[in-house]
Amino acid sequence: MRTAYSVETVRTAERALMARLPEGALMQRAAAGLAAACADLLGRVYGRRVVLLVGSGDNGGDALYAGARLARRGAGVTAVLLAPGHAHSGGLAALRRAGGSVAGAAGDAEAAIDRADLVVDGIVGIGGKGGLRPDAAPLAERAARSRAAVVAVDLPSGVEAGTGEVLGAAVRADLTVTFGTHKPGLLVDPAREYAGTVRLVDIGLAPELPAGPELEALQHADVAGLLPLPVFESDKYRRGVVGVAAGSARYPGAAVLAVSGALRGGAGAVRYVGPAGQAVIARFPETLVSDQGPHKAGRVQAWVVGPGAGDDAATVAEVLDTDVPVLIDADGLRLADRDAVRARTAPTLMTPHAGEAAALLGVARERVEGARLSSVRELAARYRATVLLKGSTTLVADPDGGPVRVNPTGTPWLATAGSGDVLSGLAGSLLAAGLTARDAGSVAAYLHGLAGRLAAHGAPIGAHDVAESIPEAWRDVRG
C-alpha cells in the first residue's frame, strides 16, 4: 500500500532521523537519489546541460548537491539562485568544486533554461504556501515552454504539500523525486497533475513514521486481499444479495447500468426494484425483479439507491429506513434527508461527483474541485457517512477520520455518461458481500478505474464497456 503523511509528520520524522545521523547525511542521501533519477531521465549525462532553480531552503541544497554529482559525471550544470544570500553554502561550494557555475543576470538564467536538457526545481519544499513568488514564477513558465525535462525536488514548487491545492503559479514537472514518503499533494488533484511521474527515494525515514498515514492508495495486492471469493459451501445468499432501487421512466438506462455493475461485483444475486424492470430483465434475465418497493423486495444484504431515480424521494427514504448497508448515488444524494442519513446505524456509502458534493456542502463546484481532500472529509463528517468523491482523483473518507483512501487507477475516458451508475452497482455488490463501506468504495473505485483502462486502450468507451471489463480487471488484480 502506498501511503502519504502530513507535512508536520514528515518534519518530525526527519528531525528524529537527523538526530541519529552525522550532520548532512540525510541531505546527501536525498541528493544521491535525486542525481540518480536525473541521470536515468537524461539517459546520457556527459555533455548534457542542466539548470538548477535554487531557493533558500533544504530543497535548494538537495538540488545543489545533486547538481554537483551530475557535474562530476560531465554535465554542464548552471545554478540559478533565487535568494543568492541564502543559498545552501555547502551545496553551493560542492557545485563549484565539481565545475558547476552560477548564472549572473536574469538574462543569463533565461538563456540557460532555453538551452537546457534538464531543469531541476529546487525552489521551495514542503513548507511552501500560496504559489510561487513573483521572481520564481517567470522561471517556472520559461522551463515549461523549453524543450527541457523538468524534475521537481520532493514536490513541485508552488503546490500545497498537505492538501493537493494549487493556489497560484506552480512548477509543472515531468518527474517528481520525493524523499522518504509520499506527500498528500503528490496523490491528490489538482496538485497531482503538476507532479508528473513520481519516484520515491528511500532515505531511511520509514522507521520514524507513525502507523497512521494521512492518505492510503491501494495496490493490486491490497485489492486482491479484499476481494470476496466464494468457497465450496457458498450459495447465492451466503455470497450476498444486493438490492438496486434505481431508474425511472425518463432514465431506465441508469437502472440497467447499475445492475450491470452489481452483477459483476461478487454478490450472489441482484434484486431490482423500480419502474425499469422490463429493461433490466431484457438485458440481464438473471436479475430478481420486483415492483412492490424495497420493503417487499425480499432479502438483501445491501442496497444501492438513487441512480436515475428522478424525484422518487419515497423510495430513497424507504431504503434509508432499512438496517443493512446502503449506497446513495446520483438523484438519491439530492433526495436523501441528511438527518435520516446521520441517524442510520448500518453503514452508509455516499458517492457524489464534485457538482453533487458542492450542492450538499452549499459551496461552488470549483471549491470542491480545488480542495478535494478537505471537501471529502467535511462531507463525511457532516453526514456521518463514508463518502466516495468521484473525479480525476477519487477519494474515500470515513466519518470518524483516519486515512483517506486515494484511488490510483482510472483513465480520462471514464468521464462518460453512466460510468458512475456502473461504479455504484459494483460498490453496492461489494457491500452486500460483506466489505466495509470504506473497503467497498475503494475496491470498487480501483476495479472500475482498471476496467476503464482495459476497455479503452486509448479510445472512446461507453459505460457498458466498463461493466463488461470488470471481470478482466478482477482477474488482473488476482494475478
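Residues numbered from 1 in each chain as written. Predicted model: local features only at pLDDT ≥ 70, side-chain atom pairs only at ≥ 80, totals over all residues. Heavy atoms only, no water.

Q: Tell me about the UniProt feature "binding site: AMP" (unreviewed entry) in the protein chain, and name the residues and values.
A: The UniProt entry lists K390, G391, S392, T393, T394 and G420 under the feature "binding site: AMP" (unreviewed entry), expressed in the numbering used here. Spatially, the listed residues are clustered: although they cover 31 residues, their C-alpha atoms lie within 14.0 Å of one another. Positionally, K390 belongs in the loop between β16 (386-389) and β17 (395-397). For K390, the contacting residues outside a window of four places in its chain are D329, T351, P352, H353, A354, R372, G420 and L423. In terms of polar contacts, K390 uses its side chain to reach the side chain of D329, at 3.1 Å. In this fold, S392 is placed in the loop between β16 and β17. If sequence neighbours within four positions are ignored, S392 has contacts with D189 and R192. (UniProt positions renumbered as here; feature names shortened; annotations may be inferred. Helix = DSSP H or I, 4+ residues; strand = E, 2+ residues; numbered from the N terminus. Contact = heavy atoms within 4.5 Å. Polar contact = N/O pair within 3.5 Å; in protein donor to acceptor, adjacent residues only side chain to side chain.)

Q: So what about the pattern of salt bridges? Which residues, and what values?
A: Throughout the structure, instances matching the rule amount to 22 salt bridges. Put simply, R199 and D40 hold a salt bridge, and the shortest N to O gap is 2.9 Å. Highlighted residues: R199 in strand β8 (residues 197-201) and D40 in helix α2 (residues 25-42), separated in sequence by 159 residues. Overall, the relative accessible area of 30% leaves R199 in the partly exposed class. (Salt bridge = Lys/Arg side-chain N within 4 Å of Asp/Glu carboxyl O. Buried < 20%, exposed > 50% of the residue type's maximum accessible area, 1.4 Å probe, protein only.)

Q: Talk me through the sheet that holds β16; I want residue IDs and the actual numbers.
A: The 11 strands are arranged β1-β9-β18-β17-β16-β15-β14-β13-β10-β11-β12 in an open sheet whose pairing can be described as mixed. Two strands lie at the open edges of the sheet, namely β1 (2-4) and β12 (288-290), each paired on one side alone. Across the sheet, the mean angle from the axis of one strand to that of its neighbour is 20 degrees, orientation sign disregarded. This element, helix α12 (residues 313-320), spans β10 (241-245), β13 (302-305) and β14 (326-328) of the sheet and lies at about 160 degrees to β13. Packed on one face of the sheet, helix α18 (residues 419-432) meets β10, β13, β14, β15 (348-350) and β16 and runs near 165 degrees to β13. (Pairing = 2+ DSSP bridges. Axes fitted to C-alpha atoms, helices over the stretch in contact; angles between N-to-C directions.)

Q: Break down the nonpolar core for me, citing the residues and quoting the values.
A: As a rule of thumb, soluble globular proteins bury nonpolar side chains together. Of all hydrophobic cores here, the largest spans 58 residues; its most connected members are L34, V50, L52 and V120. With 11 residues, the top contributor of residues to this core is α2. Apart from residues lying up to four places away in sequence, V50 is in contact with L42, L70, A75, G76, V77, T78, L118 and V120. (Core = buried A, V, L, I, M, F, W, Y, C linked by side-chain atoms within 4.5 Å.)

Q: Summarise the sheet that holds strand β5 (residues 118-122); cite the residues concerned and give the values.
A: Pairing between the strands of a sheet comes from backbone hydrogen bonds, and it takes one of two forms, parallel or antiparallel. The strand order across the open sheet formed by seven strands is β4-β3-β2-β5-β6-β7-β8, and the pairing between neighbours is parallel. Looking at which strands have only one partner, the edges of the open sheet turn out to be β4 (101-102) and β8. Contacting β2 (49-54), β3 (76-81), β5, β6 (149-153) and β7 (175-179), helix α3 (residues 58-72) crosses the sheet at an angle of about 165 degrees to β2.

Q: Just give me the short version of the side chain of T351, but keep the residues and values in it.
A: Position of T351 relative to the elements: it lies in the loop between β15 and α15 (354-361). With relative accessibility at 2%, the residue T351 sits in the buried group.

Q: Would you mind going over the environment of L349 in detail, with residue names and values included?
A: Inspection of the secondary structure puts L349 in strand β15. Through-space distance from the C-alpha of L349 to that of G247 is 19 Å; in sequence the pair is 102 residues apart. Leaving out residues up to four positions away in the same chain, L349 has contacts with V326, L327, I328, T386, L388, A427, L431, A437 and G441.

Q: If you had to explain unusual backbone geometry to someone new, which residues and values would you point to?
A: Between D189 and P190 the backbone carries a cis peptide bond, its omega angle lying at 10 degrees. Here P190 is to be found in the loop between β7 and α7 (191-195). The phi dihedral of A330 is positive, around 50 degrees, even though this residue is not glycine. In this fold, A330 is placed in the loop between β14 and α13 (331-335).

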